[in-house]
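Overview (structure and organization)
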Amino acid sequence: MDKLSIQGGVRLAGETAISGAKNAALPLLCAALLTREPVTFSNVPRLNDIDTLLRLIAQMGVKVTRDGSTVTLDAAQLDNPLAPYEMVKTMRASILVLGPLVARCGEARVSLPGGCAIGARPVDQHIKGLQAMGAEIAVEHGYVHAVSRRLKGARLFTDMVTVTGTENLMMAACLADGETVIENAAREPEVADLAHCLIAMGADISGVGTDVIHIRGVERLHGATYRIMPDRIETGTYLCAIAASGGEGVLTGTVASTLDAVIEKLRDSGCDIVCSPDSIRIKAPARLNAVNVRTAPYPAFPTDMQAQFMALNAVAQGTAVIRETIFENRFMHAVELQRLGADIGIDGNTAVVKGVAQLQGATVMATDLRASASLVIAGLVAEGETVIERIYHLDRGYERLEDKLAALGAKVTRVA
Ligand code: EPZ
């Protein structure tokens, strides 16, 4: 299994480019199942999760063509509305094929994704919403089996804000008979990106970006060409890396408007940040001030940036309180950061991080995507070498990580 070796203590400086958003690309690729006509996406990130989803979609009878970061999906011959366990277990976002398959084919058999390191992550809201739209759903032998000759528009209310739940139900509602209203909808920018693509495909959607989305069903959707939004979490991750190292740098091909909460926290920690229409420049002080973090649904501070801020606070001046309100087990990185010398106390969903002057390099293990990113940030600022094992977690969500870090002056090498 590949490892990452990092020589710490380098103040990052330079410029690197941000890729398309993983969490926008995954639902967008599934949206192509809704039409018989080809849909072309540009700015598709080259990530293991994307490869997995494209393999899953191809085995359904969809023609997949890829040219660099451009992907075209042609679902005219879609004839196998099945997402098997062997493929779903490696990438839980595969659940996003459920809504499109029921809407397009009238039937879907999708393996339950199961939990993951950060939590149980049930899909009960996805199922409840489809049932409210008239789907007959049986959950048996580890599969969700949904059948509906044609879904009917309905008024839906999710018990909690769910990003992929909102996305699944919005896609299903595009071809339903009548109007669907999704209340308590997720407002994440990736949900808006999906809505904009669906509208380009002929869907009738209003309320995009708000917590009440109206979808008036249409008979069919048509093909489209769509550019995927930049990855705001990748952007935030590199901002944290530069900030923690006391460096300065420019991230290109990204937008600041989807990261207000993160940029505000970095400014509170002492960073000078200048935002342009398609780039962000950051200059960090020699040592950051500790900043408190409380995760919550967009536009509040994103849970996907919590681990990165724990690493940043581990070397900041002062004590930070971090509260994780979205997932029940998203502090797995804390014990690994402690191996590097971090002073972190965990009590339920609250972490108290006392900044130390210096972390010490060590061998640590990645447990999930964003936890791995926090170990990279810590390794960049630790004294000596840090070796991160099981970095396949990183490859799921960060395109060409070592190249992009090297462009910022980091001493990082991948060790087979
Ligand atoms: C999406 O996951 C993201 N993944 C996650 O990013 C992100 O952390 C999460 O949203 C929160 O922002 C993708 O977009 C592919 P949720 P999702 O449904 O949709 C509970 C990353 O690192 N819930 O918004 O699965 C759930 O257990 C990944 O890129 C139910 O109980 O998250 C959680 O506690 C990690 N029942 C909370 O709601 C449901 O039916 C929010 O989950 C659905 C969700």
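See above for the structure.
Residues numbered from 1 in each chain as written. Predicted model: local features only at pLDDT ≥ 70, side-chain atom pairs only at ≥ 80, totals over all residues. Heavy atoms only, no water.

A look at the overall build of the chain
Rule in force here: In this text, helices come from DSSP runs of H or I with a minimum length of four residues, and strands from runs of E with a minimum of two, each type numbered from the N-terminal end. Using C-alpha atoms as the atom set, the radius of gyration is obtained and then compared with a globule rule of 2.2 Å times the number of residues to the power 0.38. Buried residues are those whose accessible area, probed at 1.4 Å on protein chains only, stays under 20% of the maximum for their type, while exposed residues exceed 50% and partly exposed ones sit between those limits. Contact between two residues is taken to exist if any of their heavy atoms lie within 4.5 Å; hydrogens are not considered. Here the accessible surface of atoms and residues is derived via Shrake-Rupley with a 1.4 Å probe, and residues count as covered only by protein chains that are part of the display.
A tally of regular secondary structure across the chain gives 14 helices and 24 strands. Scaling as 2.2 N^0.38, a compact globule of 416 residues should have a C-alpha radius of gyration of about 22 Å, and the chain matches this with 21 Å. Across its three principal directions, the C-alpha atoms of the chain cover 65 × 45 × 40 Å. Looking at the 416 residues of the chain, the share that counts as buried comes to 57%. Considering only intrachain contacts with a sequence separation of at least 6, the fraction spanning at least 24 residues in the chain is 72%. Carbon and sulfur atoms make up 49% of the accessible area of the chain, which amounts to about 15600 Å² in all.

Quick notes on the packing of aromatic side chains
This is how the line gets drawn: Pairing of aromatic rings covers Phe, Tyr and Trp, the last through its six-membered ring, and needs centres within 6.5 Å; plane angles under 30 degrees mean stacked, over 60 mean edge-to-face, and all others mean tilted.
Per the counting criterion, the structure on display carries one aromatic pair. Judged by centre distance (5.0 Å) and plane angle (85°), the ring pair of Phe-301 and Phe-309 falls under edge-to-face. A single burial state applies to Phe-301 and to Phe-309, both of which are buried.

Points about the environment of Asp-368
Test applied: Two N or O atoms count as a polar contact when they lie within 3.5 Å, although within protein this holds only if one can serve as hydrogen donor and the other as acceptor, and sequence-adjacent residues are included solely when both atoms are side-chain atoms.
One can find Asp-368 in the loop between strand E22 (363-365) and helix H12 (369-381). For the pair Asp-368 and Gln-308, spaced 60 residues apart in sequence, the C-alpha to C-alpha distance is 12 Å. In this structure, Asp-368 is in contact with Ala-117, Ile-118, Met-332 and His-393, ignoring residues within four places of it in sequence. Polar side-chain contacts of Asp-368 include one of 3.2 Å to the side chain of Thr-367.

Structural notes on the site of the ligand
To be explicit about the condition: Each residue is tested against the molecule or strand, and it is near if at least one of its non-hydrogen atoms lies within 4 Å. Ten residues, namely Ala, Val, Leu, Ile, Met, Phe, Trp, Tyr, Cys and Pro, are considered nonpolar, four, namely Asp, Glu, Lys and Arg, are considered charged, and the remaining ones, Gly among them, are considered polar.
Taken together, 24 residues are adjacent to the ligand, and Gln-125, Thr-162, Thr-164, Asp-304 and Ile-326 come closest. Between the ligand and Asn-23 there is a distance of 2.9 Å, counted from an oxygen atom to a side-chain nitrogen or oxygen. Between Ile-326 and the ligand, the recorded distance is 2.6 Å, taken from a backbone N or O atom to an oxygen atom. Burial of the ligand by the protein chains amounts to 88% of its free accessible area of 830 Å². Elements represented by at least two residues in the shell around the ligand include exactly helix H1 (22-31), helix H5 (124-132), helix H6 (163-173) and H12. Counted by class, the shell around the ligand contains 11 nonpolar, six polar and seven charged residues.

Things to note about helix H2 (residues 48-58)
Buried within H2 are the following residues: Asp-49, Ile-50, Thr-52, Leu-53, Leu-54, Leu-56 and Ile-57. Looking at the buried side of H2, the elements it contacts are H1, strand E4 (63-67), strand E5 (70-74), strand E6 (82-83), helix H3 (85-88) and helix H13 (392-397).

Notes on the sheet that holds strand E12 (residues 204-206)
The cut-off we apply is this: Strand pairing is assigned whenever DSSP identifies at least 2 bridges connecting the two strands. Helix axes are fitted to C-alpha atoms over the stretch in contact, other axes to C-alpha atoms as well, and angles between N-to-C directions run from 0 to 180 degrees.
Spatially, the four strands line up as an open sheet ordered E10-E11-E13-E12, and their pairing is mixed. Strand pairing shows two members of the sheet lacking a second neighbour, strand E10 (155-157) and E12, which therefore form its edges. Taking the axes of each pair of neighbouring strands and ignoring which way they run, one obtains an average angle of 15° across the sheet. Taken together, the three bridges between E10 and strand E11 (residues 179-183) define a ladder with parallel strand orientation. From the neighbouring strand, Arg-155 faces E11, where its bridge partner is Val-181.

Notes on the pattern of salt bridges
Definition in use: Basic side-chain nitrogens of Lys or Arg form a salt bridge, by our definition, when they fall within 4 Å of a carboxyl oxygen of Asp or Glu.
This model, assessed by the stated rule, comprises 15 salt bridges. Here Arg-150 makes a salt bridge to Glu-219, at a shortest N to O gap of 3.2 Å. Within this pair, whereas Arg-150 is found in the loop between strand E9 (143-147) and E10, its partner Glu-219 is found in the loop between strand E13 (212-216) and strand E14 (224-227), the two being separated by 69 residues in sequence. On the accessibility criterion, Arg-150 (27% relative accessible area) is partly exposed. Judged by relative accessible area, which is 58%, Glu-219 ranks as exposed. Look at the salt bridges and you will find they share partners, linking Asp-2, Asp-395, Glu-402 and Arg-414 into a network.

Overview of the packing of helix H10 (residues 306-314) against helix H11 (residues 332-339)
Two quantities define a packed helix pair, namely the angle between the helix axes and the distance between the axes. Keep this limit in mind: Roughly parallel means an angle under 35 degrees; roughly antiparallel, over 145; roughly perpendicular, 65 to 115; everything else is oblique. Definitions for this section: a left-handed crossing has its near helix turned counterclockwise from the far helix by less than a right angle. A right-handed crossing has that turn clockwise.
Two elements in contact, H10 and H11, have axes separated by 10 Å at closest approach and are oriented at 25°. In terms of axis orientation, H10 runs roughly parallel to H11. The element H10 and its partner H11 pack so that their crossing is right-handed. Contacts between H10 and H11 involve Gln-306, Ala-307, Met-310 and Ala-311 from the former and His-333, Ala-334 and Leu-337 from the latter. Broken down by class, the residue content of the contact of H10 with H11 amounts to five nonpolar, two polar and no charged.

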